[in-house]
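For reference, the chains in residue letters:
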Amino acid sequence: MSMDSTSSNASYRDWTRLKRVGGGLCLDFVNTVDRETNGYVNEWLNDFADLVMWEQLAQILTTQQAKHLLAQAKLYPNHAQATFHQAIRLREVLYRIFSAFCADRSPQPEDLEQFNTMLTQTYTHSKLVFTGNGFAWSWTDCDHLEQVLWQVMRSATDLLTDPNLNRVRECAGTDCGWVFLDMSRNRSRRWCDMEECGNRAKARRHYERSKEF
């Protein structure tokens, strides 16, 4: 669960307070908001600039790439806004897919349809390149504002088709909704972050027990 954020301006927010505990890029992307029963709290992504800042901190974008994208966003504000809304749709589709899997439910067909539509759009910008001792995926058309979505899509595709998918968990904390890879030996991890959600749950249990006496 993220620490409280107070400003919607990426320049003034302390991004170091957003913990990255998902164990995968796409999971950390899902965890850019806390999900309460009646809505969201601690939303970190409020505009395209926030999205660029998060990706820079996640080491998806270099400083030069981030500056270029922000300059492009100023030239094409409507396109930047549309890309931002697409990113939020992707985040929520991924959350619903992972959350369903954690609860042993099948994902909703409309969520898979949305994801596959975005996937098709993403891979039109990918190519296989020779690195000298092997091959790797690379990206074309790096002037596209949508490139902020491509690495997240790639991470999600890799995880959804990986055997470690069965290690994805949703935090048991109240009003959290974060997802993470449980790489513990006995697969018993319940909290996204023991210091926050885990300790909060322990405090609640202690309070409930104290009322019994």
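Looking at an unreviewed UniProt entry, one finds the protein chain named CGNR zinc finger domain-containing protein and attributed to Iningainema tapete BLCC-T55.

A. Focus on the overall build of the protein chain. On a plain count of helices and strands, the protein chain comes out with seven helices and six strands. Ordered by position in the sequence, the α and β elements of the protein chain form the string α-β-β-α-α-α-α-β-β-α-β-β-α. The buried share of the protein chain, taken over its 213 residues, is 44%. In the protein chain, of all internal contacts separated by at least 6 residues, the share reaching a separation of at least 24 is 59%.

B. Representation of the confidence of the model for the protein chain within the structure. Scored by pLDDT, the protein chain comes out at a mean of 86, with 87% of its residues at no less than 70. Contacts from residues 4-8, a stretch scored under 50 in pLDDT, to residues over four places away or in other chains number 12 contacts. Segment residues 203-211: pLDDT under 50, and two contacts once partners within four positions in sequence are set aside and those in other chains are kept.

C. How the structure looks around a nonpolar patch on the surface. On the surface, L128, F130, F135 and W137 cluster together into a nonpolar patch covering about 510 Å² of accessible area. Within the secondary structure, F130 sits in strand β3 (residues 126-130). Judged by its relative accessible area of 56%, F130 falls in the exposed class.

D. Summary view of helix α4 (residues 77-102). Between its first and last C-alpha, α4 extends 37 Å over 26 residues, near the 38 Å set by a 1.5 Å rise per residue. At the exit of α4 stands D104, carrying a positive phi of roughly 60°.

E. Seen up close, the environment of Y76. Assignment of secondary structure puts Y76 in the loop between α3 (63-75) and α4. Taking relative accessible area as the criterion, Y76 reaches 47% and is therefore assigned partly exposed. Spatially, the C-alpha atoms of Y76 and L145 are 9.3 Å apart, while their sequence positions differ by 69 residues.

F. Quick look at the state of the cysteines. Going through the model one piece at a time under the given rule, you end up with zero disulfides. Between C176, a free cysteine, and C192, which holds the nearest cysteine sulfur, the sulfur-to-sulfur gap is 3.8 Å.

G. Here's a closer look at the pairing of β3. Across five bridges, β3 lies against strand β4 (residues 135-139) in antiparallel orientation. Looking across to β4, one finds that L128 is bridged to W137. In textbook terms, the turn of a hairpin is the stretch between consecutive antiparallel strands, and for β3 and β4 this stretch comprises four residues, one of which, G132, has a positive phi near 110°.

Criteria and cut-off values
- Residues numbered from 1 in each chain as written.
- Predicted model: local features only at pLDDT ≥ 70, side-chain atom pairs only at ≥ 80, totals over all residues.
- Heavy atoms only, no water.
- Helix = DSSP H or I, 4+ residues; strand = E, 2+ residues; numbered from the N terminus.
- Buried < 20%, exposed > 50% of the residue type's maximum accessible area, 1.4 Å probe, protein only.
- Contact = heavy atoms within 4.5 Å.
- pLDDT = per-residue confidence, 0-100.
- Patch = residues over 30% accessible without salt bridge, like charges linked within 9 Å, V, L, I, M, F, W, Y side chains within 5 Å.
- Areas by Shrake-Rupley, 256 points an atom, 1.4 Å probe, with all protein chains shown as cover.
- Salt bridge = Lys/Arg side-chain N within 4 Å of Asp/Glu carboxyl O.
- Expected span 1.5 Å × (residues − 1).
- Disulfide = S-S within 2.5 Å.
- Pairing = 2+ DSSP bridges.

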